Amino acid sequence: QEHAPSGHMLGHKESEEDKHHRMAEWGTFCPSDIAPYLPPEVTKSLKSDVGGLQKNLSALLVRMAELRYPPVILEVEEALGHPKGGKFEVCTRQLLQRMRDR
C-alpha cells in the first residue's frame, strides 16, 4: 500500500490534510518497515540478541544517527518510548554531497 498510487490516481479525491500527511511521511521509516529487507544473517543475529529484532534494529539506527560527518541517518521521532521504535530518515543529500566531494 505504501508504494501504491495515491488516492487521486485511483479515482478518489485526496483531501488537503491527507496530502500534507503523505508528504510529511514521505522518506521516513520505522525499524519494522526495513526489517523485511535485511539479509537473513542480520535478522537472525538481531532476533537472537536480548530485546529482539525491532528493539535491536532501533538501537542500531539510533547509533547511526549519532554519526556526525557525514550524517547517515536522522532520528525524526525519538526511538525511546516510540511504539514502533522511532522514526528515521536517510540523509541522502548529505551522503551524496560527501560522495561528490571525494
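Summarised in this report is the structure supplied together with it.

Reading the values: the criteria
Residues numbered from 1 in each chain as written. Predicted model: local features only at pLDDT ≥ 70, side-chain atom pairs only at ≥ 80, totals over all residues. Heavy atoms only, no water. Helix = DSSP H or I, 4+ residues; strand = E, 2+ residues; numbered from the N terminus. Buried < 20%, exposed > 50% of the residue type's maximum accessible area, 1.4 Å probe, protein only. Contact = heavy atoms within 4.5 Å. Areas by Shrake-Rupley, 256 points an atom, 1.4 Å probe, with all protein chains shown as cover. Phe/Tyr/Trp six-rings, centres within 6.5 Å; stacked < 30°, edge-to-face > 60°. Pairing = 2+ DSSP bridges. Axes fitted to C-alpha atoms, helices over the stretch in contact; angles between N-to-C directions.

Concerning the overall build of the protein chain
Then step 1. Helix and strand content of the protein chain: 5 helices and 3 strands.
Then step 2. Secondary structure elements of the protein chain, listed N to C terminal, follow the sequence α-β-α-α-α-β-β-α.
Then step 3. Counting across all 102 residues of the protein chain, residues that qualify as buried make up 25%.
Then step 4. Partitioning the contacts of the protein chain with sequence separation of at least 6, the portion at a separation of at least 24 is 40%.
Then step 5. Surface exposure of the protein chain reaches about 8,200 Å², of which carbon and sulfur atoms provide 57%.

Re the packing of aromatic side chains
Then step 1. Per the counting criterion, the structure on display carries 1 aromatic pair.
Then step 2. Plain terms: the ring middles of Phe-29 and Phe-88 are 6.2 Å apart, the flat faces sit at 35 degrees to each other, and that makes the pair tilted. In this pair, Phe-29 is assigned in strand β1 (residues 28-29) and Phe-88 in strand β3 (residues 87-90), connecting sequence segments 59 residues apart. A single burial state applies to Phe-29 and to Phe-88, both of which are buried.

Focus: the sheet that holds β3
Then step 1. If you trace the 3 strands from one edge of the open sheet to the other, you get β1-β3-β2, paired in antiparallel fashion. The sheet is open, and its two edges are formed by β1 and β2 (73-77), each paired on a single side.
Then step 2. Each of β1, β2 and β3 touches helix α4 (residues 52-65); the most contacted strand, β2, lies at about 115 degrees to it.

Topic: the pairing of β3
If a strand is regular, its side chains alternate between the two faces of the sheet.
Then step 1. Taken together, the 2 bridges between β1 and β3 define a ladder with antiparallel strand orientation. Each residue of the ladder has a partner; that of Thr-28, found in β3, is Glu-89.
Then step 2. Summarising the sheet, β2 and β3 pair through 4 bridges and their orientation is antiparallel. In the strand pairing of β3, Ile-73 is matched with Val-90.

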